[in-house]
Amino acid sequence: MPANKIQRALLSVSNKAGIVEFARFLAGVGVEILSTGGTQRTLDQAGVPVRSVSDYTGFPEMMDGRVKTLHPKIHAGLLALRDNLEHMQQVDRHGIELIDMVVVNLYPFQETISKPNVELEDAIEQIDIGGPTMLRAAAKNYRDVVVVVNPARYGQIIEEMKRGGGKVPEKLKFDLACEVFEHTATYDRAIADYLAAVDKKGGKYPAMLNIQFRKQADLRYGENPHQSAAFYVDPNAKEPSVSTAEMLHGKTLSYNNILDLDAALEIVKDFQEPTAVIIKHTNPCGAGVGNDIHEAYSRALLGDPVSAFGSIVGANRHIDLKAAELMAKPNTFIEAIIAPSFAKEALEVLKTRQWWGESLRVLAVGELGGARDSAPNMRRVVGGMLLQDFDRATYDQSQFKLVTKRKPTEKEMKDLLFAWVICKHVKSNAIVYAKDFTVFGVGAGQMSRVDSSMIAAHKSAGRAKGGVLASDAFFPFRDGVDAAAEAGIRAIIQTGGSKKDDEVIAAANEHDIAMIITGMRHFKH
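Note that the structure is a prediction, hence the values are computed from the model and not measured. Residue positions within a chain follow its written sequence, with the count starting from 1. In view of the model being predicted, local features appear only for residues whose pLDDT reaches at least 70, and side-chain atom pairs are presented and counted only at 80 or more, with totals across whole chains, interfaces and linings using the full set of residues. Values reported for side chains reflect all heavy atoms of the structure, with hydrogen atoms and water molecules removed beforehand.

Caption draft 1: Region of interest: the overall build of the protein. Note on conventions: DSSP H or I runs of at least 4 residues are helices, E runs of at least 2 residues are strands, and numbering of each starts at the N terminus. Counting secondary structure elements, the protein contains 18 helices and 21 strands. The C-alpha extent of the protein, read off along each of the three principal axes, is 100 × 55 × 45 Å. The 525 residues of the protein split such that 47% are buried. Two residues form a contact once any of their heavy atoms are found within 4.5 Å. Put simply, 61% of the contacts in the protein that link residues at least 6 apart link residues at least 24 apart. With a 1.4 Å probe rolled over the protein chains alone, any residue whose accessible area is under 20% of its type maximum counts as buried; one over 50% counts as exposed, and the rest are partly exposed.

Now the structure itself:
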């Protein structure tokens, strides 16, 4: 069906950005404008000819504006099918004037509830009734009615009307209708979630889980080339993250890139000191803390230079030229780097140095720190979804217990805390060997803790001698401690709580190893 020329539009907006200019254009091409309340006053003051909805319906606004557009003449004017003879006969019989465009955005409910200490009554008053009803009616009849919920669309619609002699193409009308239903679904979900939280009927987690994420990109493929994939982001995300990052250079991110970049950034967020991490398959293969990012990355690279080939790098400080030159040294291949910011000359080095320069992805997230995202971590299983808090905790030193005869030295204690935080981010069963704020060996994702301990020892190749070990959970047997002793480890930090704790502690004492029990587990499945 050919698009109809727009002759009458109803404008009623909470967000008045751009509305005067848009209304002035509509009036200039002969469109009659209907409006209500504050929007009508705004247009009147701007000298835009406007007709009140009350004049159109013959019924006054009432109940403090709660009832304005809930009228048969409004909804019949929106829902009437222009190519349906019976509908058109009813329109004529009842004196209904057709409405060809609806421009509505809703009461600012989300903005209201985001204010501290908002009262329930204030939130309730910001639940829009007439707006969503008009939007849904117009979107249902999108072939005959142009429906606009997003002020960013005004310019596009003006250009299409100029091009089409007052008409809007059906493909755009369909896109606008889809945008409306996404918007009203998000709006209703915000109301339901807020009221459920007030009532506490779902406890900490909602009784019904509905999520709204916006597609940022279709990906070339998923974990493997035979799997399709896409990347969705939370439109309300504010914490620095791979989802909010600015891509400064490089190819499109892959599915695995995004997972690894997220893992890298979450590790370095847990440190106040300049910290760099090297990630392979979401696990840290190298990590270091230093006086600056150059020193931190030097230590991270020292940990496992072989595994660092084809890695993801994360840092919690600005990347300067000195650090960039180290990252771009010969025989190095980095897939992506994520950091708060990059010096201009550092970015130039990363973009042009070595054979991987063109493909290297460089992402800036802005300064770290501040409030962390309070939304739960979600993980899909077949037929269901698991929710839990993100593991934001690191350790509470007031809960630490020294359980061995030997006490860690001050230097060993600092390395233990460093290794413990890194271990939190390693797939279980996790063992980390470290020394001098440098990770020298990681045993990740093994089915037995002793295997993880032996792998970490093998990776360290003797470089962790005199260093420390962190274990993300308790040792079920003494064999992990024996393996650590063979590698020259002098201090261990672990959760405790095993039935064999006495045996494990006795093994540490036999080897003159200091052992700290944290009482906090950091499993990562």
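Here the narrative resumes, following the displayed structure.
Caption draft 2: Broad picture of the packing of helix α16 (residues 449–460) against helix α17 (residues 479–486). Between α16 and α17, whose axes approach to 8 Å, the crossing angle comes to 10°. Classed by the angle they form, the pair α16 and α17 counts as roughly parallel. Listed contacts from α17 to Val450, Ser453 and Met454 of α16 are Asp479, Gly480, Ala483 and Ala484. Grouping the amino acids of the contact of α16 with α17 by side-chain chemistry returns 4 nonpolar, 2 polar and 1 charged. Orientation is described by axes fitted as lines to C-alpha atoms, over the contacting stretch for helices, and by angles from 0 to 180 degrees between their N-to-C directions. Here the word oblique covers every angle except those under 35 degrees (roughly parallel), over 145 (roughly antiparallel) and from 65 to 115 (roughly perpendicular). For this classification, the nonpolar set comprises Ala, Val, Leu, Ile, Met, Phe, Trp, Tyr, Cys and Pro, the charged set comprises Asp, Glu, Lys and Arg, and every other residue, Gly included, is treated as polar.

Caption draft 3: Structural context of helix α9 (residues 154–163). Within α9, the full set of buried residues consists of Tyr154, Ile157, Ile158 and Met161. Mapping the buried residues of α9 onto a view down its axis gives an arc of 105°, with all of them on the same face. Each direction from the helix axis to a C-beta atom contributes to the arc, which is the arc of those directions.

Caption draft 4: Broad picture of the nonpolar core. Within the largest apolar cluster, 45 residues are counted, with the highest numbers of intra-cluster contacts made by Leu261, Ile338, Phe418, Ile422 and Val432. Domain assignment of the residues forming this core places at least three in each of domain 2 (244–364) and domain 3 (397–517). Excluding its chain neighbours within four sequence positions, the residues that come into contact with Val432 are Ala419, Ile422, Cys423, Val426, Val439, Gly441, Val442, Val468, Leu469 and Ala470. The nonpolar core is taken to be a set of buried Ala, Val, Leu, Ile, Met, Phe, Trp, Tyr and Cys residues, with the residues joined through side-chain atoms within 4.5 Å. Ala324, Met327, Leu347 and Val349 belong to the second-largest nonpolar core, a separate cluster that totals 29 residues. These domain boundaries are the output of an automatic or database domain assignment.

Caption draft 5: The packing of helix α1 (residues 19–28) against α9, seen in detail. The contact between α1 and α9 brings their axes to 10 Å, and the two run at 10°. Taken together, the axes of α1 and α9 lie roughly parallel to each other. Classified by chirality, the crossing of α9 by α1 is left-handed. Residues Ile19, Phe22, Phe25 and Leu26 of α1 lie in contact with α9, whose contacting residues are Tyr154, Ile157, Ile158, Met161 and Lys162. Of the residues in the contact of α1 with α9, the class split is 8 nonpolar, no polar and 1 charged. Here is the rule for handedness: rotate from the far helix to the near one, and if that takes an anticlockwise turn smaller than a right angle the crossing is left-handed, while a clockwise turn gives right-handed.

Caption draft 6: Geometry of the pairing of strand β10 (residues 283–289). The element β10 is largely enclosed, with a buried count of 7 among its 7 residues. In this description, strands pair whenever DSSP reports at least two bridges between them. Note: strand β9 (residues 275–280) against β10, 6 bridges, orientation antiparallel. Among the inter-strand pairings, Lys280 is bridged to a residue of β10, identified as Asn283. Hairpin connection of β9 to β10: 2 residues between the antiparallel strands, including His281 at a positive phi of 55°.

Caption draft 7: Spatial organisation of the packing of aromatic side chains. Any two rings among Phe, Tyr and Trp, with Trp reduced to its six-membered ring, count as a pair given centres within 6.5 Å; such a pair is stacked if its planes are under 30 degrees apart, edge-to-face if over 60, and tilted if neither. Across all of its chains, the model carries 6 aromatic pairs by this definition. Judged by centre distance (5.9 Å) and plane angle (50°), the ring pair of Tyr395 and Phe400 falls under tilted. An aromatic cluster is defined as three or more aromatic residues linked by ring pairs; in this entry it consists of Phe271, Phe418 and Phe437.

Caption draft 8: The arrangement of the domain arrangement of the protein in detail. Splitting the protein by domain gives domain 1 (8–199), domain 2 (244–364) and domain 3 (397–517). Placing the centre of domain 1 and that of domain 2 at their C-alpha centroids yields a distance of 48 Å.

Caption draft 9: Main features of the sheet that holds strand β1 (residues 8–13). Ordered in space as β3-β2-β1-β4-β5, the 5 strands form an open sheet in which the pairing is parallel. Each having just a single partner strand, β3 (51–52) and β5 (146–148) make up the two edges of the open sheet. In the packing of α9 onto the sheet, the strands contacted are β1, β4 (101–105) and β5, and the crossing angle to β4 comes to about 170°.

Caption draft 10: A look at the environment of Asp482. Along the chain, the position of Asp482 falls in helix α17. In this structure Asp482 comes out as partly exposed when scored by relative accessible area, which is 26%. In this structure, the C-alpha to C-alpha distance between Asp482 and Ala508, residues 26 residues apart in sequence, is 8.0 Å. Here the side chain of Asp482 touches His511 through a polar contact of 2.9 Å, side chain to side chain. In protein, a polar contact means a hydrogen-donor-capable atom and an acceptor-capable atom, both N or O and within 3.5 Å, with residues adjacent in sequence counting only if both atoms are side-chain atoms; elsewhere, any N or O pair within 3.5 Å suffices.

Caption draft 11: Molecular detail of unusual backbone geometry. At the junction of Ser428 and Asn429, the peptide bond is cis and its omega measures out at -10° in the coordinates. With respect to the helices, strands and loops of the structure, Asn429 is situated in the loop between α15 (410–424) and β17 (431–435). A positive phi is found at Thr282, a non-glycine position, where the angle reads about 70°. Secondary-structure assignment places Thr282 in the loop between β9 and β10.

Caption draft 12: Structural detail: a nonpolar patch on the surface. Exposure above 30% relative accessible area and the lack of any salt bridge qualify a residue for a patch; like charges then connect within 9 Å, and the nonpolar side chains Val, Leu, Ile, Met, Phe, Trp and Tyr within 5 Å. The Shrake-Rupley method, run with a 1.4 Å probe, gives the accessible areas here. Residue values count only the displayed protein chains as cover. Throughout this description, the term salt bridge denotes a Lys or Arg side-chain nitrogen within 4 Å of a carboxyl oxygen of Asp or Glu. On the surface, a cluster of nonpolar side chains totalling about 430 Å² of accessible area is made up of Leu209, Ile211, Phe213, Tyr232 and Met385. Following the sequence through the fold, Leu209 ends up in the loop between α10 (170–199) and β6 (214–219).

Caption draft 13: Structural detail: the pairing of strand β20 (residues 491–494). In β20, alternate side chains face the same way, and those of Ala491 and Ile493 on one face and Ile492 and Gln494 on the other are all buried. Of the pairings in the sheet, the one linking strand β19 (residues 468–471) to β20 comprises 3 bridges and is parallel in character. Bridge pairing in β20 links Val468 to Ala491. We call a crossover right-handed when, viewed with the strands running away from us, the connection from the first strand over the helix to the second turns clockwise. Viewed along the sheet, the connection from β19 through α17 into β20 turns out right-handed. Of the crossover connections in this fold, the one passing from β20 over helix α18 (residues 501–510) to the parallel strand β21 (residues 514–517) is right-handed.

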